[in-house]
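So the chains spell out like this:
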Amino acid sequence: MKTLKKIVFWILVSFAIIQFIPTDKTNQPVKQSVNFIDIKKSPSKVVALLKNACYDCHSNETLYPKYAYIAPFSWSVKDHVNEGREHLNFSVWNTYNKDLKESMLNKAVQTLQNKTMPLPAYIIYHKDANLSDADRTILIKYFEEILKSKSY
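The notes below deal with the structure included here.

Rules used throughout
- Along each chain, the written sequence defines residue order, and numbers are assigned to residues from 1.
- Side-chain atom pairs in this predicted model are given and counted only at pLDDT of 80 or more, local residue features only at pLDDT of at least 70, and totals for whole chains, interfaces and linings cover all residues.
- Side-chain numbers come from the whole structure's heavy atoms, not from hydrogens or water.
- Put simply, DSSP H or I for four residues or longer makes a helix, DSSP E for two residues or longer makes a strand, and each gets a number counted from the N terminus.
- What the globule rule says is 2.2 Å times the number of residues to the power 0.38, and the radius of gyration is computed from C-alpha atoms.
- Burial here depends on accessible area, computed with a 1.4 Å probe over protein chains only, as a share of the maximum for the residue type. Under 20% is buried, over 50% is exposed, and the range in between is partly exposed.
- Contacts between residues were defined by any pair of non-hydrogen atoms, one from each residue, lying within 4.5 Å.
- Throughout, an axis means a line fitted to C-alpha atoms (over the contacting stretch in the case of helices), and angles, computed between N-to-C directions, take values from 0 to 180 degrees.
- An angle below 35 degrees is read as roughly parallel, one above 145 as roughly antiparallel, one from 65 to 115 as roughly perpendicular, and any other as oblique.
- Handedness of a crossing follows from how the near helix is turned relative to the far one, being left-handed for an anticlockwise turn of less than a right angle and right-handed for a clockwise one.
- Each residue is assigned to one of three groups, with Ala, Val, Leu, Ile, Met, Phe, Trp, Tyr, Cys and Pro labelled nonpolar, Asp, Glu, Lys and Arg labelled charged, and all others, Gly among them, labelled polar.
- By convention, a stacked pair of Phe, Tyr or Trp rings (six-membered ring in the case of Trp) has centres within 6.5 Å and planes under 30 degrees apart, an edge-to-face pair has planes over 60 apart, and any other such pair is tilted.
- One side-chain nitrogen of Lys or Arg within 4 Å of one carboxyl oxygen of Asp or Glu is enough to make a salt bridge.
- Two N or O atoms count as a polar contact when they lie within 3.5 Å, although within protein this holds only if one can serve as hydrogen donor and the other as acceptor, and sequence-adjacent residues are included solely when both atoms are side-chain atoms.

**Some remarks on the overall build of the protein chain**
Helices and strands together make up the secondary structure of the protein chain, namely seven helices and zero strands. Listing every helix and strand of the protein chain by position from the N terminus yields α-α-α-α-α-α-α. For a compact globule of 152 residues, the expected C-alpha radius of gyration is about 15 Å, and the protein chain comes in at 19 Å, more than 25% above that figure. Along the three orthogonal principal directions, the C-alpha set of the protein chain runs to about 70 × 30 × 25 Å. Here the protein chain holds 152 residues, and 38% of them are scored as buried. In the protein chain, 70% of the contacts between residues at least 6 apart in sequence involve partners at least 24 apart.

This is how it looks when you write it as structure tokens:
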């Protein structure tokens, strides 16, 4: 029993100590001149869907939930945000070259069709991000229109 108490004590001490390891949750400023929804003058329905389901990980407009301030969850959340921004960052859309934009839009269509995004774990805590088939169709058609017109 003494050993169990020591283990629990050191787990609690470790948990307290890791709270002091910072994770940067600062969003970079968003410039309208390079932001996807501003450049594309996206319809309000598309904007709402993107902001609810995509923007926390794929833009510089991340809204961090309360659990993202508690280590080790904060590390995981920040890692997901960083990874999402690496794959596609709507806030810097106009800084990408045409080939990259085309590739990103095709990948977005593919992930929407395959229902691999948003991540299931994200949907658990963000009910608005749970896209219906109709919502997915709206986004897919919107992205496909951009691809077809080559106006990315």
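Structure shown, so let's carry the discussion forward.
**Quick notes on the packing of helix α3 (residues 44-53) against helix α7 (residues 133-149)**
Two elements in contact, α3 and α7, have axes separated by 10 Å at closest approach and are oriented at 110°. As judged from the angle between their axes, α3 and α7 are roughly perpendicular. Viewed along their axes, α3 and α7 form a crossing whose handedness is left-handed. Where α3 abuts α7, its residues K45, V46, L49 and L50 lie against D135, I138, L139, Y142 and F143. Here the residues of the contact of α3 with α7 sort into seven nonpolar, no polar and two charged.

**Observations regarding the environment of D135**
As for its position among the elements, D135 is in helix α7. On the accessibility criterion, D135 (15% relative accessible area) is buried. For D135 and V46, which are 89 residues apart along the polypeptide, the C-alpha to C-alpha distance reads 8.7 Å. Ignoring sequence-local partners within four residues, the contact set of D135 consists of K45 and L49.

**Quick word on the packing of aromatic side chains**
This structure, assessed with the given rule, holds ten aromatic pairs. With a centroid separation of 6.2 Å and 70° between ring planes, the pair formed by F36 and F143 is classed as edge-to-face. Here F36, found in helix α2 (residues 36-39), pairs with F143, found in helix α7; they are 107 residues apart in sequence, far enough to count as distant. Both residues of the pair, F36 and F143, belong to the buried class.

**Looking at the pattern of salt bridges**
Enumeration over the complete set of coordinates arrives at three salt bridges. With its nearest N and O atoms 2.9 Å apart, the salt bridge here joins D133 to K115. Taken together, the residues span a long stretch of sequence, with D133 in helix α7 and K115 in the loop between α5 (98-114) and α6 (120-125) at a distance of 18 residues.

**So, the environment of T23**
Relative to the helices and strands, T23 is located in the loop between α1 (2-18) and α2. Considered as a pair, T23 and K78 are 55 residues apart in the sequence and their alpha carbons are 7.2 Å apart. At 2.5 Å, the side chain of T23 and the side chain of K25 are in polar contact.

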